Amino acid sequence: MVQDNGKEQTLALKLRVWRQRRGQPGAFEEHSLAAVPTSASFLEMMDMLNEQLIKAGKDTFAFDHDCREGICGMCSMTINGMPHGPIPGVTTCQLHMRNFRDGETITVEPWRARAFPVLKDLAVDRSGFDKVIQSGGFITVRTGSAPEANNIPVPKPIADEAMDAAECIGCGACVASCKNGSAMLFVGAKINHLNILPQGQAERDRRTLSMVKTMDEAGFGNCTNYGECQAHCPKSITLDVIAKLNRDYLRARVKEFFSSTGKPSKGGD
Amino acid sequence: MKEASAPPMNLDSKIPAGPLADKWNNHKAKLRLVNPANRRKYHVIVVGSGLAGSAAAASFAEMGYEVSCFCYQDSPRRAHSIAAQGGINAAKNYQNDGDSVRRLFQDTIKGGDYRAREANVYRLAQVSTNIIDQCVAQGVPFAREYGGLLANRSFGGAQVSRTFYARGQTGQQLLIGAYSALSRQIGLGAVKMYTRHEMLDLVLVEGKAKGIVTRDLVTGAIESWSSDVVVVCTGGYGNVFYLSTNAQGCNVTATFRAHRRGAGFANPCYTQIHPTCIPVHGEDQSKLTLMSESLRNDGRVWVPKNKADCTKPASEIPEDARDYFLERKYPSYGNLAPRDIASRAAKEVCDEGRGVGQVVDGKRLGVYLDFSAAINRLGESEVRARYGNLFDMYQNITGENAYKQPMRIFPAVHYTMGGLWVDYNLQSNIPGLFVGGEANFSDHGANRLGASALMQGLADGYFVLPYTVTDYLAGEKSGSRPSNDAPEFKAVVKDVNDRVAKLLSINGTKSPRYYHKALGKITWEQCGMARDKAGLEGAIRDLQALRKDFWENVKVVGSGDALAPELERAGRVADFLDFGIMMCLDALTREESCGGHFRTEFQDAGEAKRDDAHYAHAAVWQWTGEGQLPARHVEPLVYEETQLSTRSYK
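Calculation criteria
Residues numbered from 1 in each chain as written. Chains lettered and ligands numbered in written order. Predicted model: local features only at pLDDT ≥ 70, side-chain atom pairs only at ≥ 80, totals over all residues. Helix = DSSP H or I, 4+ residues; strand = E, 2+ residues; numbered from the N terminus. Rg over C-alpha atoms; globule rule 2.2 N^0.38 Å. Buried ≥ 20, exposed ≤ 12 C-beta atoms within 10 Å, placed from the backbone. Contact = placed C-beta atoms within 7 Å. Domains from an automatic or database assignment. Nonpolar A, V, L, I, M, F, W, Y, C, P; charged D, E, K, R; others polar. Pairing = 2+ DSSP bridges. Axes fitted to C-alpha atoms, helices over the stretch in contact; angles between N-to-C directions. Parallel < 35°, antiparallel > 145°, perpendicular 65-115°, else oblique. Left-handed = near helix turned anticlockwise from the far one by under 90°. Core = buried A, V, L, I, M, F, W, Y, C linked by C-beta atoms within 7 Å. pLDDT = per-residue confidence, 0-100.

A. Local environment of the overall build of chain B. Across its full length, chain B holds 17 helices and 23 strands. By the compact-globule yardstick of 26 Å for 650 residues, chain B fits well, its C-alpha radius of gyration being 24 Å. If you line up chain B on its principal axes, its C-alpha atoms span 75 × 60 × 50 Å. In chain B, which comprises 650 residues, the share counted as buried stands at 62%.

B. Quick peek at the overall build of chain A. Scanning chain A from terminus to terminus reveals eight helices and seven strands. Here the C-alpha coordinates of chain A stretch approximately 70 × 45 × 35 Å along the principal axes. Within chain A, the proportion of its 269 residues that are buried is 52%. The long-range share in chain A, meaning contacts at least 24 apart out of those at least 6 apart in sequence, stands at 71%.

C. How the structure looks around the domain arrangement of chain B. All names here are of chain B. The domains assigned to chain B are domain 1 (275-411) and domain 2 (498-623). Distance from the C-alpha centre of domain 1 to the C-alpha centre of domain 2: 29 Å. At the junction of the two partners, domain 1 supplies six residues and domain 2 supplies five residues. The element best represented in the side of domain 1 that touches domain 2 is helix α9 (residues 339-354), accounting for five residues.

D. Here's a closer look at the interface of chain B and chain A. The interface of chain B with chain A comprises 67 residues on the first partner and 72 residues on the second. Breaking the side of chain B that touches chain A down by element, the ones donating at least two residues are α3 (51-63), α5 (118-138), α6 (170-187), α11 (380-398), α12 (453-474) and α16 (565-589) of chain B. Here the side of chain B that touches chain A gets nine residues from one element, more than from any other, and that element is α6(B). A per-class count over the side of chain B that touches chain A returns 26 nonpolar, 27 polar and 14 charged.

E. Representation of the sheet that holds strand β10 (residues 265-266) of chain B in the model. Residue and element names in this part refer to chain B. The four strands are arranged β18-β10-β22-β23 in an open sheet whose pairing can be described as antiparallel. The open sheet has two edge strands with one neighbour each: β18 (419-420) and β23 (631-636). Bridge count for β10 against β18 is two bridges, and the pairing is antiparallel. Along β18, the bridge assignment pairs Ala-266 with Gly-419. This element, α16, spans β10, β22 (617-622) and β23 of the sheet and lies at about 145° to β22.

F. Inspection of the domain arrangement of chain A at higher detail. Residues and elements named next belong to chain A. Considered domain by domain, chain A is made up of domain 1 (10-120) and domain 2 (127-258). Each of domain 1 and domain 2 was reduced to a C-alpha centroid, and the two centroids are 30 Å apart. Facing the 18 residues of domain 1 at the interface are 16 residues of domain 2. Looking at the side of domain 1 that touches domain 2 residue by residue, the class counts come to nine nonpolar, seven polar and two charged.

G. Molecular detail of the packing of helix α13 (residues 487-505) of chain B against α16(B). All names here are of chain B. At a closest axis distance of 10 Å, the pairing of α13 and α16 adopts a crossing angle of 110°. In terms of orientation, α13 and α16 fall into the roughly perpendicular class. With respect to the hand of their crossing, α13 and α16 are arranged in right-handed fashion. Within the contact between the two elements, α13 uses Val-500, Leu-503 and Leu-504 and α16 uses Leu-567, Ala-570 and Gly-571.

H. Structural context of the sheet that holds strand β4 (residues 82-83) of chain A. Residues and elements named next belong to chain A. The five strands are arranged β2-β1-β5-β3-β4 in an open sheet whose pairing can be described as mixed. With one partner strand each, in any of the chains shown, β2 (27-37) and β4 form the two edges of the open sheet. In this sheet, strand β5 (residues 105-109) lies alongside strand β1 (residues 10-19) in parallel orientation, the contact comprising four bridges. Across the sheet, Val-17 pairs through a bridge with Val-108, a residue of β5. Packing of helix α1 (residues 42-55) onto the sheet brings it into contact with β1, β2 and β3 (78-79), and relative to β2 it is tilted by some 105°.

I. Seen up close, the nonpolar core. B:Val231, B:Val367 and B:Cys584 are the most contacted members of the largest nonpolar core, which has 289 residues in total. Excluding its chain neighbours within four sequence positions, the residues that come into contact with B:Cys584 are B:Gln526, B:Cys527, B:Leu536, B:Ala539, B:Ile540 and B:Leu543.

J. Up close: unusual backbone geometry. Phi angles above zero are rare outside glycine, and A:Ala35 is one such case at about 55°. One can find A:Ala35 in strand β2. Given 11 C-beta atoms within a 10 Å radius, A:Ala35 is considered exposed. One non-glycine residue with positive phi stands out, namely B:Asp113, at about 55°.

K. Region of interest: the environment of B:Gly220. Residue and element names in this part refer to chain B. With respect to the helices and strands, the residue Gly-220 is situated in the loop between β7 (208-216) and β8 (222-226). Sequence separation of Gly-220 and Arg-481 is 261 residues, and the distance between their C-alpha atoms is 26 Å. Once residues lying within four places of it in the same chain are set aside, the contact partners of Gly-220 are Arg-215, Gly-560, Asp-561, Ala-562 and Ala-564.

L. View of the pairing of β8(B). Buried residues dominate β8(B), accounting for four of its five residues. The antiparallel pairing of β7(B) with β8(B) creates a hairpin that spans five residues between the two strands, and B:Gly220 there sits at a positive phi of about 80°.

M. Quick peek at α9(B). Residue and element names in this part refer to chain B. Counting buried residues in α9 gives 12 out of 16 residues, a clear majority hidden from the surface. Regarding α9, the residues found buried are Arg-339, Asp-340, Ile-341, Ala-342, Ser-343, Arg-344, Ala-345, Ala-346, Lys-347, Val-349, Cys-350 and Arg-354. At its buried positions, α9 is contacted by β11 (271-277), β12 (300-304), α8 (325-329), β15 (363-364), β16 (367-370) and β17 (407-416).

N. Structural detail: the packing of helix α4 (residues 101-111) of chain B against α5(B). All names here are of chain B. Put simply, α4 and α5 touch, their axes get as near as 8 Å, and they point 135° apart. Our classification of the angle between α4 and α5 gives oblique. Taken as a pair, α4 and α5 cross one another with a handedness that is right-handed. Between α4, through Val-101, Leu-104, Phe-105, Thr-108 and Ile-109, and α5, the contact on the second element is made entirely by Glu-118, Val-121, Tyr-122, Leu-124, Ala-125, Gln-126 and Ser-128. For the contact of α4 with α5, the class distribution of residues is eight nonpolar, three polar and one charged.

O. Broad picture of the confidence of the model for chain A. Scored by pLDDT, chain A comes out at a mean of 94, with 94% of its residues at no less than 70. Confidence drops under pLDDT 50 across residues 1-6 of chain A; counting only partners more than four residues distant or on other chains, this segment forms nine contacts.

P. Main features of the pairing of β7(B). Residue and element names in this part refer to chain B. Along β7, seven of the nine residues are buried, which leaves the element largely enclosed by surrounding structure. Strand direction decides the pairing type here: β7 and β8, joined by five bridges, are antiparallel. Of the residues in β8, the one forming a bridge with Gly-211 is Ser-226.

Q. Examining helix α7 (residues 253-260) of chain B more closely. Residue and element names in this part refer to chain B. Most of α7 sits inside the fold, with seven of its eight residues counted as buried. Listed in full, the buried residues belonging to α7 are Thr-253, Ala-254, Thr-255, Phe-256, Arg-257, Ala-258 and His-259. Directly after α7, the chain includes Gly-262, whose backbone phi takes a positive value near 125°.

R. View of the environment of B:Arg162. All names here are of chain B. Among the structural elements, Arg-162 can be located in the loop between α5 and β4 (163-164). Along the chain, Arg-162 and His-516 lie 354 residues apart, while their C-alpha atoms are 39 Å from each other. Setting aside residues no more than four positions away along its own chain, Arg-162 makes contact with Asn-89, Ala-90, Ala-91, Lys-92, Asp-99, Leu-104 and Asn-152.

S. The arrangement of the environment of B:Leu365 in detail. Residues and elements named next belong to chain B. Structurally, Leu-365 can be placed in the loop between β15 and β16. Assessed through the 20 C-beta atoms surrounding it within 10 Å, Leu-365 is described here as buried. Once the C-alpha coordinates of Leu-365 and Gln-643 are considered, the two residues, 278 residues apart in sequence, prove to be 38 Å apart. Residues contacting Leu-365, with those up to four places away along its chain left out, are Pro-279, Val-280, Cys-350, Gly-355, Val-360 and Phe-410.

Dropping the structure here:
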């Protein structure tokens, strides 16, 4: 933001930032940072802090980030107690310093969740999400075996609903904001994306049972309807994906119970 | 300034004989196969997990090979293919508007200003239709019409609607498709996935690529991996300009390390400047954000006719005082002129002093992208439905509401057409080293059309590499790969360890980011949208001095045994410094203008002036040693069915 006199507005900030080595206890470190332009992004402010630390010969704070345009899902800071900070519907990289006040103290922590152990400072291990996808978050289609695309009509409302769920960027803010460390919003989004599409029907029950089982094994907690996940999701995924996940899970379990083998039906149900 | 001389390179493009339309099918019929029972005996390393890497790794595993895939991100789903917004081209002709494989081929080869390899581009257009089938079957939620069939939109450089899209995040949806196929194979144990691993070198045994050396970014461990073939899909080198639309981690290290081991690097000066990005706001900026080219379907680009109006709010500038310069200069394509042309036109009007927005470094570098006509025609809700997420992103970054006032945009580095040289099989001049996606050079010539990068990444990964890599493996004895205890591996591991130790020990005064910024300032000013001889020669000298300064005065904090972002950046910047010199040298020695490469000495009233008699070739650079300038070789581009013409979008 440039003022009328052409000078950029800047902020002086106090920062409390989490410092931790892998497998060791961590603690907050306090730093002052001057002349932060209000047009800078939050991560650019962190870059400034790190450059200041390098000048002083100290180690920088490690944090995850990559695309810096709100789509890769890599950035993961808890800012003043809120995953991705105080502005709804944005990732940390899209949070800009004009949302903070001069002289403010800002607390910066990693995602806090049992299933996301700290690797260093603000970076955590989110491989639990990948394990959930590996167990069923796909439609089985070998390269080269796909039919002509327009042979599978998908009603626009269904396509739009699938797209709403598919907007999830897998950042983990839902888990970090939940008192139980539950991944139900993440899993619900993926289930909604794939389970409502015609292409996803063949594996619908297998997918649901397998993903939920893996989610539990990966150390994510249960959903008790706090709704914090929805409030902090940068892509505004809504709680109804959890309701639909529960419905599909119940459906799959009932079918499993009544099947002759006692095992999930093997596709084509 | 002269490039070095060196021994000849084998640059046989291996283009199959026969008419263009039959080449790929004839070639596939002749490629050798590997028996399904033998495939598990071959180990395929794939580096990178974007569209090309994920698609290739998943496809190899489905075929039965043992696959290892490496990426520097914490999950393969985060590779920068994810950030592509607008769409993916395919010659489906669902719109009945005259599209065909040949038309897509012609648009792409013309868009590349006749500097791409004809046979590769034709194959790309051919397999484009298979890509859409594959992605739809995977559950990619493309936009649809009410009848349930797929929708299309138009994109720059084409007069048909052939672009498939998923809101403003086509890249994420396609990548999730490829990632889900890859994840399935990881879950089945067919792919071993190594996240937070960065490839730091390539290992050659008896002249063939037989493995890589990586650094585990979490523990700092330097490890080597042996394989029967190495497939590098590590993206482009846009971050040589420091500010670009690339992700922070995008780097040239994997391809440049391969280059240092003997792989030719083709056309590094072909870089794409995307016209619709949010302008620079200040010194501490770390990246530029793209606004999808699709916005140019409904937005009109203009600046004030009079310099005096540049400080006024847009709303106070009457219609007749506005210069819709793309519509004026290129009436038949208008706001959908190709990227290089639209970018240069925006630079021109800003150089004339008619730019808008804030002053950075003494200049107003911005033009308006105005939606008021579209909002009047379609209503705000329809504009919101089409572009809502982009308008939201614009507001997050600039604090401005683009429904109420025009967006301000300016060109920014976005994509790099150059890359490792590959033959028709996507194999580099090092046997056993294959290169896919943005990391290779073959399909986009001197300029890439919108919605063609996703197409190329997936074409390479799903439909080309599985065939051509198999052919290579069929000639390698199964079980013959060396152990990673072999002396060749130990030597490369030592090189990598020495380099990491050197970076950590210099302990100078300036941060890696300082050098990255200094590098970007030189490359952007002298090798950006407009280039000339004197500027490029100066840039090469400046970069050589900066490289020397780097190796004496860089300060890398952190330790080698944990997450060390400064060490990662330092290694990447060191390679970018060497690479930047090669890029400027390539721009200097290509004495013509073509596509994104605009030499001010070679123009026709602002339009690029090609020199087909002397430069209808790919320039392929060969590493000649530390601190030396690389050597230039050429692969002549042979056009069998294409008439080279002056590209006109007027």
